[in-house]
Amino acid sequence: MNPQAQRGWWVSDHAVRRFMDRVTGDRVPWHEVAAWVRAHAYEATPTGARTIRDQPIYRLRHPWPGPDAALIVSTDPDGTRAVVTCGWWEEAAAAE
């Protein structure tokens, strides 16, 4: 699958799988999770935190039980924000 950027955000299949691993599990079908994350990634808020690879971490609230998601983002040369992976918010906050 090669998704199109939505509202200036592109979400990799890998990031969707990590979102499922850490947030929804198998209780929500992959295509529903992918559609939701891709449609709502632009709502993520910058945290000011960065990974050890200097990638910015954004926080995304979601409709499922559990902590917010931490989106690890890189910016493409054209300005598109690319979500490359996802973690639990508590993991990202603890890494600071």
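Source: prediction; values computed, not measured.

1. Some words on the overall build of the chain
Reasoning step 1: Within the chain, the secondary structure is distributed over 3 helices and 5 strands.
Reasoning step 2: Moving toward the C terminus, one meets the helices and strands of the chain in the order β-α-α-β-β-β-β-α.
Reasoning step 3: Across the chain, contacts joining residues at least 24 apart in sequence account for 43% of those joining residues at least 6 apart.
Reasoning step 4: Summed over all atoms, the accessible surface of the chain reaches about 5,600 Å², with 51% contributed by carbon and sulfur.

2. Re unusual backbone geometry
Reasoning step 1: Here the phi dihedral of R7 falls at roughly 55°; this positive angle occurs in a residue that is not glycine.
Reasoning step 2: Within the secondary structure, R7 is located in the segment before strand 1 (9-11).
Reasoning step 3: On the basis of relative accessibility, which here comes to 63%, the residue R7 falls in the exposed class.
Reasoning step 4: In the Ramachandran plot, D54 falls in the positive-phi region, its phi being about 65° despite a non-glycine side chain.

Scoring rules and cut-offs
Residues numbered from 1 in each chain as written. Predicted model: local features only at pLDDT ≥ 70, side-chain atom pairs only at ≥ 80, totals over all residues. Heavy atoms only, no water. Helix = DSSP H or I, 4+ residues; strand = E, 2+ residues; numbered from the N terminus. Contact = heavy atoms within 4.5 Å. Areas by Shrake-Rupley, 256 points an atom, 1.4 Å probe, with all protein chains shown as cover. Buried < 20%, exposed > 50% of the residue type's maximum accessible area, 1.4 Å probe, protein only.

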